[in-house]
Amino acid sequence: MEKKQNGMVKVTYSLGEFLINLMKLQAFWLFGTLKGGIIFGIFPATATVMQAFFVLFEKKELTPHLFPWFNEQYKHNFKRSNILGFIESAVLAVLWIDVRVAGQLLKNQAAHLALLVFFVFALLVGLFLFPAFLRYELKTFNYFKQAFFIVISSFVETLAMVIGIAVVTVLSTVFPILLLVALIPLFLFPISWFSLQAMRKIERNNLAQETAE
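Below, the structure is looked at part by part.

Parameters at a glance
- Residues numbered from 1 in each chain as written.
- Predicted model: local features only at pLDDT ≥ 70, side-chain atom pairs only at ≥ 80, totals over all residues.
- Heavy atoms only, no water.
- Helix = DSSP H or I, 4+ residues; strand = E, 2+ residues; numbered from the N terminus.
- Buried < 20%, exposed > 50% of the residue type's maximum accessible area, 1.4 Å probe, protein only.
- Contact = heavy atoms within 4.5 Å.
- Areas by Shrake-Rupley, 256 points an atom, 1.4 Å probe, with all protein chains shown as cover.
- Lys, Arg positive; Asp, Glu negative; His and termini not counted.
- Charge placed at Lys NZ, Arg CZ, Asp CG, Glu CD.
- 1 Å grid on protein atoms, 1.4 Å probe; cavity = no way out; pocket = protein on both sides within 12 Å on 5 of 7 lines; lining within 4 Å.
- Points joined across faces, edges and corners; volume = space filled by probe spheres on them.
- Salt bridge = Lys/Arg side-chain N within 4 Å of Asp/Glu carboxyl O.
- Polar contact = N/O pair within 3.5 Å; in protein donor to acceptor, adjacent residues only side chain to side chain.
- Patch = residues over 30% accessible without salt bridge, like charges linked within 9 Å, V, L, I, M, F, W, Y side chains within 5 Å.
- Axes fitted to C-alpha atoms, helices over the stretch in contact; angles between N-to-C directions.
- Parallel < 35°, antiparallel > 145°, perpendicular 65-115°, else oblique.
- Left-handed = near helix turned anticlockwise from the far one by under 90°.
- Nonpolar A, V, L, I, M, F, W, Y, C, P; charged D, E, K, R; others polar.

A tally of regular secondary structure across the protein gives 8 helices and 0 strands. Reading the protein from its N terminus to its C terminus gives the helix and strand order α-α-α-α-α-α-α-α. Dimensions of the protein along its principal axes, counting C-alpha atoms only, are 70 × 50 × 40 Å. Out of the 213 residues in the protein, the part that is buried amounts to 40%. Long-range pairs, those at least 24 residues apart, make up 73% of the contacts in the protein with a sequence separation of at least 6. Here the protein displays about 12900 Å² of accessible surface, and carbon together with sulfur accounts for 71% of that area. Looking at charge distribution, the protein has the averaged site of its 18 positive side-chain charges lying 5 Å from that of its 12 negative ones.

Moving on to the layout of surface pockets. Rolled over the atoms, a probe as big as a water molecule pinpoints where empty space is left. Roughly 460 Å³ of internal volume is contained in the largest pocket. Together, 22 residues line the largest pocket, and Phe43, Thr46, Gly126, Leu127 and Phe130 are the ones closest to its centre. Taken together, the elements giving at least two residues each to the lining of the largest pocket come down to helix H2 (42–59), helix H3 (66–105), helix H4 (109–135) and helix H8 (183–212). Element by element, the count of residues in the lining of the largest pocket is highest for H4, at 6 residues.

What the rule picks out here adds up to 4 salt bridges. A salt bridge links Arg135 to Glu203; its shortest N-O distance comes to 2.7 Å. Of this pair, Arg135 sits in helix H4 while Glu203 sits in helix H8; the two residues are 68 residues apart in sequence, bridging distant segments of the chain. Glu203 gets classed as partly exposed once you look at its relative accessible area, which sits at 26%. Among the ionic contacts, a cluster of salt bridges with common partners joins Glu58, Arg135, Arg200 and Glu203.

This part is about unusual backbone geometry. Of note in this structure, Ile38 is not a glycine but carries a positive phi near 65°. Within the secondary structure layout, Ile38 lies in the loop between helix H1 (2–35) and H2. One non-glycine residue, Lys60, adopts positive backbone phi at about 70°. Tracing the sequence through the fold places Lys60 in the loop between H2 and H3.

Let's shift gears to the side chain of Asn82. One can find Asn82 in helix H3. Among the polar contacts listed, one links the side chain of Asn82 to the backbone oxygen of Phe40, at a separation of 3.0 Å. Excluding residues that lie within four positions of it along the chain, Asn82 makes contacts with Ile39, Phe40, Phe43, Pro44 and Asn77.

Judged by side-chain polarity, Phe155, Val156, Leu159, Ile163, Val167, Val170, Leu171, Val174, Phe175, Ile177, Leu179 and Leu180 come together as a nonpolar surface patch covering roughly 1200 Å² of accessible area. Of all the secondary structure elements, the ones that give two or more residues to the nonpolar patch are helix H6 (155–174) and helix H7 (177–181). Of note, Val156 is situated in helix H6. Its relative accessible area of 57% is what places Val156 among the exposed residues.

Let us look at the packing of H3 against helix H5 (residues 140–153). The geometry of H3 relative to H5 is characterised by a closest axis approach of 10 Å and an angle of 60° between their N-to-C directions. In terms of orientation, H3 lies oblique with respect to H5. Crossing angle aside, the handedness with which H3 passes H5 is right-handed. Of the residues in H5, those in contact with Arg80, Ile83, Leu84, Ile87 and Glu88 of H3 are Thr140, Phe141, Tyr143 and Phe144. Each residue belonging to the contact of H3 with H5 can be placed in one class, and the counts come to 6 nonpolar, 1 polar and 2 charged.

Keep in mind these values describe shape, not function.
Here you go:
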């Protein structure tokens, strides 16, 4: 019984520590977003929260000096994450406008459906864009190619990511307090976890092929 109680205490402590870290990351994300004037701050802040999760997954803990680390990585990610973020946003905006035009003005259902599929696929590529940026050293447009490759190579992880985002959406609806204290980290958590699993799987497959050759 005592062993069971100690286990419950440990789980409760770990969960409390995790929630506190989520709240910290939410505050840091807000800080980074405002620091960049919102428009230029949202992408590096988002990428850096994902990077914090990558550290957590790899090392099983966050860096003890979290804010100085976040601020340093935010500055490092600032330029490239903004370039990637604005390109992806522009692509999504153009596709969404085309979807609306095809659906409402042209009344062309085939074109509407095709553009909708392109939009959804571009959105999925966008979910893997910052993870690819954080894990690999590539030229700007090669990150889009890498994210595209991850999507088409990792159906299970992509589906799990979408389900995870849906679960977070439901939790935020049921518990509105989450909107204030940890919304962004909660949404980025499944994206970070499943994107890392997808990239690791591809890397293992590539290594296995190289070894076989």
